[in-house]
Amino acid sequence: MTVQGWMLILAFVGILLALTKPLGLWLHALYEGRSTPLHAILGPIEAGFYRLSGIDPTAEQSWRRYAVHMLIFNAVLLFFTYAILRLQGMLPLNPLHYGALPEHLSFNTAVSFTTNTNWQSYGGESTMSNLSQMLGLTIHNFLSAATGIALAFAFFRGFARRSASTIGNFWADCTRITLYLLLPLCIVYALFLIASGVPQTLAGSVDVTTLEGAKQTLTLGPVASQEAIKMLGTNGGGFFNANSAHPFENPTALTDFVQMLSIFAIGFGLTWTFGKAVGNPRQGWAILAAMVTIFLIGVTITYWQEAAGNPVLHQLGVPGGNMEGKEVRFGIAASSLFSVVTTAASCGAVNAMHDSFTALGGMIPLFNIQLGEVVVGGVGAGIYGFLLFAILAVFVAGLMVGRTPEYVGKKIEGREVKLAVLAIAVLPLVILGFTAIASVTQAGLVGPLNKGPHGFSEILYAFTSAVGNNGSAFAGLTANTPFYDGLLGVAMWIGRFFIIVPMLAIAGSLAAKKYTPESAGSFPTTGPLWTSLLIGIVLIVGGLTFLPSLALGPIADHLAMIGGHLF
Amino acid sequence: MARSAQKSVFTADLIVPAIGDAFRKLNPVELIRNPVMFTTAVVATLLTVLLAIGTDTLGFAFKLQLVVWLWLTVLFGTFAEALAEGRGKAQAASLRATKAELVAKKLKGKGDNYENVAASTLRIGDVVLVETGDLIPSDGEVIEGVASVNEAAITGESAPVIREAGGDRSAVTAGTRVLSDQIKVRVTVDPGQGFLDRMIALVEGAERQKTPNEIALTILLVGLTIIFLIAVGTIPSFAHYAGGDVPVAILAALLITLIPTTIAALLSAIGIAGMDRLVRFNVLAKSGRAVEAAGDIDTLLLDKTGTITIGDRQASEFKPVHGTTPAELAMAALLASLADETPEGRSIVQLAREKFGVTQSSLPHDAEVIPFTAQTRISGVRINGSLIQKGAVDSVLRANPGSGETPAAAELRRVTDEIARSGGTPLAVAQDGRLLGAIFLKDVVKAGIRERFGELRRMGIRTVMITGDNPLTAAAIAAEAGVDDFLAQATPEDKLDLIRKEQQGGRLVAMCGDGTNDAPALAQADVGVAMNTGTQAAREAGNMVDLDSDPTKLIEVVGLGKQLLMTRGALTTFSVANDVAKYFAIIPAMFIALYPGLTVLNVMGLGTPQSAILSAIIFNALIIPLLVPLALRGVTYRPIGAGPLLARNLAIYGLGGIIAPFVGIKLIDVAVNGLGLA
């Protein structure tokens, strides 16, 4: 580890902390439906949308209605993308004349982008037409992110409202987030990327003559526009197969740094918005402190392991850290940081190959996702996932102050506990259940490239990534088979919506409750004690659930490496 | 806290019957109420069957030990519950004996003709006669007569109390004995619904329903069990991938150590013990829900008299006005009070004697006493044609219209305002229309009450003093006693409004009361403690009854509620925190055959894989009886504010819960290896 490396990491966290409140304020304006400076220009467009679609943005929805509208919206988008991919060969903007995608791959990809996972069983530049990329996929990058943030808003309202029967309007939330937050940010962001050298063209490819005189065809396309929302919306689906390790997606050290920042930015801001929504920004800071602490622990371990390198190689006379699978442009620190950021945040973009990390270095990204993508997490999804853990933490430990547990003034009772447990149990059920299926069936066993515990890690990582809606791949797993495409598709769908529905039910139940004013006897949910408790609960619940699988995967892998045995 | 001496938990007369009950409670119908323990029992049964069939490679002795410890885990849980129930059972038995011997003298029509019938045949509306020496056969209301009653059977207090028709002392309870006189009682409950029945059910824990918080906690425990079932259930597939397999017995051991057996085993014992503490504190809660609500109380409404101040006001000074001499005033006050048998009246007489040496101790024969009525709010005496009046200032002024605008009246108002401002109650004295002055009645705030309110404040509870006094007096006493707020000149309607207002603000309110006019407020409050001396209406309306009729107890009741919730939280945290060490014991033992490198996870340095697994399961079982005393006694509640309290409990039960099993499992492992058990 180097001083430079640590300065990069600390600067990264420092800049984000500085951005938290401004972004949080902006998000809070959208949360409340207040006017922003952008309304002067975009206000008429918003109003036009509502008129066109016959939506009354002031019509409040119950949690059930909110959930149903959200589900219908997502289902329609799923079929839309499926259709585009199946019909790709017949549709325009297909300069390289790619044919239709097979059924299983279309299903997997459509689910993947709808659920904000962006798991890619295909290589982008060799599979997708520009129309598929822009209309079939990028649209989801915006709308799945907007859906996530809208859901977080709905959940916040559950905490913030008193004796209320509604939690907002899904259509209004989604429209405002897209129009006033995602689009303007992405336009600026995309221009920055273009200036840094990222291509933005409808041309299919360009032929170049390399230094050796060989002819090479370089695929081009509308990369910058997709790249911006890929990061901001924690989507992670790259235009190219190599994702952010590809020089056209991520050309410079500066773009690399900005990409990492943009993965976390909205997630950081939302914690502040939550605090503000429930009347005390310190509530938000306490949550953010817990997230950042877990994140820093992860970064430390991965960076340390990657910098320490592989003892087997050291013995062979190759000193230094582990550079396998990393871009020389970025080096160990930036790659380690990127890997932890992208997995903590449910983004899934990569600038290095996690499969090539050391066993423990690669375990952190895996464990990050297994914690439920709540360490900052996906836009919206991270904070509502974390709040589910907060409900659990407050219930277990809150009794210890001698009161019925309360969180931000709302009593946590049987119904909330039941729903929170339901939502949290989905994760281990699907991750471990599907991994179990894959590790005993023939169709599953042909997937992993490597043998032994490393191969097991590959399977485990794939399902973890899918259920956690992360979308990053450990690589090494041949996933474009009917078995994996199908099972992973189902896993992504469950991982997204089987958490959302109970979460919205909690929002509805909380909104209906009375507010209990805080007193000296109330459970304190702002200080360092609460933050440590949150960290403890997240780590213990995640750790206890996944330790056996981690022991058989990365931990066994690591110990074997120490013993001089590589997989 | 409790009056009766804390009985030790482990005495033979409690333990022996509890062991029998522990086995009876293995009945699946009863066991399924506790899903975690039910799961444990199912796993234990499965292993017992596998032991008989013997299909895997593990040694018989090892598996036998596992089976035994699994069953012990279940039995320790049922034993804890049985032990908690046992403490109430003895009390219930003696109450039942009292009930069995009840015979009623049921009145036939008008007059005193009665027939002897069994108390169990009485219905609502029947009227019974109870004479000296009789036991009152049923709960009811005195409709005729006055009697002194010994209520020791239910309150444990042997000093007799007065029960009389009309007013706030008309309720009588079955099983109590009339010591003198006779009364007619109208029965107010049907058989099996009475106070005695309720008390028997309560102390026995027979009618025990799970409280809302208990239900929520059970859901959490079931959720954790499901998560661990998934975590353990998928291991065989993972092991299969690694080219090996894990014996069912070991998977079972891992599952049972991970699921929260500790808290699940103790959960109902905690609830029963919580109710039992309240009972031994002579407070009966009609439901466990009320006890939980007590822990959540935000606002406490306390009657001034008897709770904050010593019940009786004492005369402390004579304040003459407009040329009247102090001795003159003292003499008039004395004459007006000689016939007044209230403590206030007596204190006036005493003050006049002490300060002015007045010796007269009885009124002349021809004196006419004018008694106090609620309408006039004046009492007095007419001696030789001279009228002396004593009463509330406004009333005395109103009764003497001519004096309204005189300088004497103005001075009286000034003096009485001063008295009120300093927390006293002024009584005006007038003789034949002339205002003599005021008597300073002083409210004496109970010693130590200020500290108690400080404690409550640190617990986050706001105290509101309820008083019939005027706002000036109330403010002064409120300041002296250190309450947060007060409600002066309170009528029952004001009280009810205050409760509603607090509840609309999301706060939970507790109060106590005894009169019929308190009933609506008692019913509205989240925790309403009715005094046992109160009316039947009040006792029905409240959700707790204080047998000692001590309003100060409300504060302790809140503490008991908090203790109950805290005990649950502490043991849940402990139970979950324990899992960390158990993983470190079992995971390396389980997978060592697959990946020998995993032995580095054996941080405790346990002897062999088998001894590690056995030690974990033994620790998991033994921790239950070890924690039974804590579950029954309850975690100590300290009024130090939520933050410090949480820090303290997290350190003890959270951090302690992580560390303790590392030590415990290691020690057991040493013993297991030393004894050659595995």
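Residues numbered from 1 in each chain as written. Chains lettered and ligands numbered in written order. Predicted model: local features only at pLDDT ≥ 70, side-chain atom pairs only at ≥ 80, totals over all residues. Heavy atoms only, no water.

K.L.:
Before we move on, could you go through the overall build of chain A and cite the residues and values that matter?
P.N.:
Along chain A, the regular secondary structure elements total 18 helices and 4 strands. At 23 Å, chain A has a C-alpha radius of gyration in line with the 24 Å of a compact globule built from 567 residues. The C-alpha extent of chain A, read off along each of the three principal axes, is 70 × 55 × 45 Å. Taking contacts inside chain A between residues at least 6 apart in sequence as the whole, the part at least 24 apart equals 78%. Total accessible area on chain A is roughly 18,200 Å²; 68% of this is exposed by carbon and sulfur atoms. (Helix = DSSP H or I, 4+ residues; strand = E, 2+ residues; numbered from the N terminus. Rg over C-alpha atoms; globule rule 2.2 N^0.38 Å. Contact = heavy atoms within 4.5 Å. Areas by Shrake-Rupley, 256 points an atom, 1.4 Å probe, with all protein chains shown as cover.)

K.L.:
How would you explain the overall build of chain B if you had to name every residue and give the values?
P.N.:
The secondary structure content of chain B amounts to 24 helices and 22 strands. A compact globule built from 678 residues should have a C-alpha radius of gyration of about 26 Å, whereas chain B, at 33 Å, is more than 25% larger. For chain B, the spread of C-alpha atoms along the principal axes amounts to about 115 × 60 × 40 Å. Of all 678 residues assigned to chain B, the portion counted as buried reaches 56%. Within chain B, residue pairs in contact and separated by at least 24 positions form 70% of the contacts whose partners lie at least 6 positions apart. Taking the average location of the 61 positive side-chain charges in chain B and that of its 67 negative ones, the two points are 4 Å from each other. (Buried < 20%, exposed > 50% of the residue type's maximum accessible area, 1.4 Å probe, protein only. Lys, Arg positive; Asp, Glu negative; His and termini not counted. Charge placed at Lys NZ, Arg CZ, Asp CG, Glu CD.)

K.L.:
If you had to explain the sheet that holds strand 4 (residues 140-144) of chain B to someone new, which residues and values would you point to?
P.N.:
Residues and elements named next belong to chain B. Taken in spatial order, the 6 strands line up as 2-1-3-9-4-7 in an open sheet, and their pairing is antiparallel. The two strands at the open ends of the sheet, each matched to only one other strand, are strand 2 (114-118) and strand 7 (171-172). Of the pairings in the sheet, the one linking strand 1 (residues 103-107) to strand 2 comprises 5 bridges and is antiparallel in character. Bridge assignment links Lys106 to a residue of strand 2, and that residue is Glu115. (Pairing = 2+ DSSP bridges.)

K.L.:
A description of helix 14 (residues 414-438) of chain A should follow, citing residues and the corresponding values.
P.N.:
All names here are of chain A. Taking 1.5 Å per residue, 25 residues should reach 36 Å; helix 14 reaches 36 Å between its end C-alpha atoms and fits that length. In helix 14, a bend of some 25° at Ala425 exceeds every other bend along the element, and Pro428, a proline, comes one to four places later. In terms of burial, helix 14 is a largely internal element, 19 of the 25 residues being buried. (Expected span 1.5 Å × (residues − 1). Bend = angle between axes of the 7 residues up to and from the residue.)

K.L.:
Residue-level account of the packing of aromatic side chains, with values.
P.N.:
Within this structure, the stated rule accounts for 30 aromatic pairs over all chains. Ring plane angle 85° and centroid distance 5.7 Å describe the contact between Phe159(A) and Phe274(A), whose orientation is recorded as edge-to-face. Here Phe159(A) is found in helix 5 (residues 130-160), whereas its partner Phe274(A) is found in helix 8 (residues 253-277), with 115 residues between them in sequence. Phe274(A) shares its class with Phe159(A); the two are buried. The interplanar angle of 90° and the centroid separation of 5.6 Å between the aromatic rings of Phe523(A) and Trp530(A) together place this pair among those described as edge-to-face. Just as Phe523(A) is buried, Trp530(A) falls in that class too. Here the aromatic cluster, defined as three or more aromatic residues joined through ring pairs, consists of Tyr31(A), Phe153(A), Phe155(A), Phe156(A), Phe159(A), Phe274(A), Tyr407(A), Phe523(A) and Trp530(A). Just above the ring of Phe357(A) sits the side chain of Lys326(A); from NZ or CZ to the centre is 4.2 Å. Cation over ring: Lys553(B) sits above Phe281(B), and NZ or CZ is 5.2 Å from the ring centre. (Phe/Tyr/Trp six-rings, centres within 6.5 Å; stacked < 30°, edge-to-face > 60°. Lys NZ or Arg CZ within 6 Å of the ring centre and 35° of its normal.)

K.L.:
So what's going on with the interface of chain A and chain B? Which residues, and what values?
P.N.:
The partner chain B presents 61 residues to the 59 residues of chain A that form the contact. For the pair chain A and chain B, the two sides together bury roughly 4,700 Å², of which 77% comes from carbon and sulfur. Of all residues in chain A, Met400(A), Leu544(A) and Leu552(A) give up the largest surface area on contact with chain B, accounting jointly for 16% of the area buried on that side. Counting every contact that joins chain A to chain B gives 2 salt bridges. Salt-bridge contacts for Asp296(B) lead to Lys411(A); the nearest nitrogen and oxygen are separated by 3.9 Å. Between the two partners, chain A and chain B, sit 12 residue pairs in polar contact (both at pLDDT 80 or more). Taken together, the elements giving at least two residues each to the side of chain A that touches chain B come down to helix 13 (381-398), helix 14, helix 16 (452-467) and helix 18 (528-562) of chain A. The greatest single-element share of the side of chain A that touches chain B, amounting to 13 residues, is contributed by helix 18 of chain A. Among the residues forming the side of chain A that touches chain B, the class breakdown is 38 nonpolar, 15 polar and 6 charged. (Buried area = accessible area lost by both parts, 1.4 Å probe. Salt bridge = Lys/Arg side-chain N within 4 Å of Asp/Glu carboxyl O. Polar contact = N/O pair within 3.5 Å; in protein donor to acceptor, adjacent residues only side chain to side chain. Nonpolar A, V, L, I, M, F, W, Y, C, P; charged D, E, K, R; others polar.)

K.L.:
Any details on the pattern of salt bridges? Residues and values, ideally.
P.N.:
Using the criterion set out here, one finds 39 salt bridges over all chains in the structure. With a shortest N-O distance of 2.5 Å, Lys513(A) and Glu413(A) are connected by a salt bridge. Highlighted residues: Lys513(A) in the loop between helix 17 (482-511) and helix 18 and Glu413(A) in the loop between strand 4 (410-411) and helix 14, separated in sequence by 100 residues. Owing to a relative accessible area of 12%, Lys513(A) belongs among the buried residues under this scheme. A residue is classified by how much of its surface remains accessible, and Glu413(A), at 35% relative accessible area, is partly exposed. Each of Arg403(A), Glu406(A), Lys411(A), Asp296(B) and Asp298(B) takes part in a single network of salt bridges with overlapping partners.

K.L.:
With reference to specific residues and values, describe the environment of Leu460(A).
P.N.:
Residues and elements named next belong to chain A. Examined against the element boundaries, Leu460 turns out to sit in helix 16. Between the alpha carbons of Leu460 and Phe434 there is a distance of 8.7 Å; along the sequence they are 26 residues apart. With sequence-adjacent residues up to four places away left out, Leu460 is seen in contact with Leu366, Gln370, Ile431, Thr435 and Ser549.

K.L.:
Quick one: what's the story with the nonpolar core, residue by residue and with numbers?
P.N.:
If you look at soluble globular proteins, the nonpolar side chains tend to sit buried side by side. Judged by nonpolar contacts, the single largest core of 316 residues is most densely connected at Phe12(A), Phe264(A), Phe295(A), Tyr407(A) and Leu504(A). The leading source of residues in this core is helix 22 (residues 553-591) of chain B, at 19 residues. When sequence neighbours within four positions are dropped, the list of residues in contact with Leu504(A) reads Trp63(A), Tyr66(A), Ala67(A), Met70(A), Leu151(A), Ala154(A) and Ile167(A). Counting residues in hydrophobic clusters, the runner-up holds 25 residues, among them Ile348(B), Val349(B), Ile388(B) and Leu427(B). (Core = buried A, V, L, I, M, F, W, Y, C linked by side-chain atoms within 4.5 Å.)

K.L.:
Can you explain the side chain of Asp276(B)? Please cite residues and give values.
P.N.:
Here Asp276(B) is to be found in helix 10 (residues 261-280). In contact with Asp276(B), not counting residues within four places along its chain, are Arg87(B) and Gly88(B).

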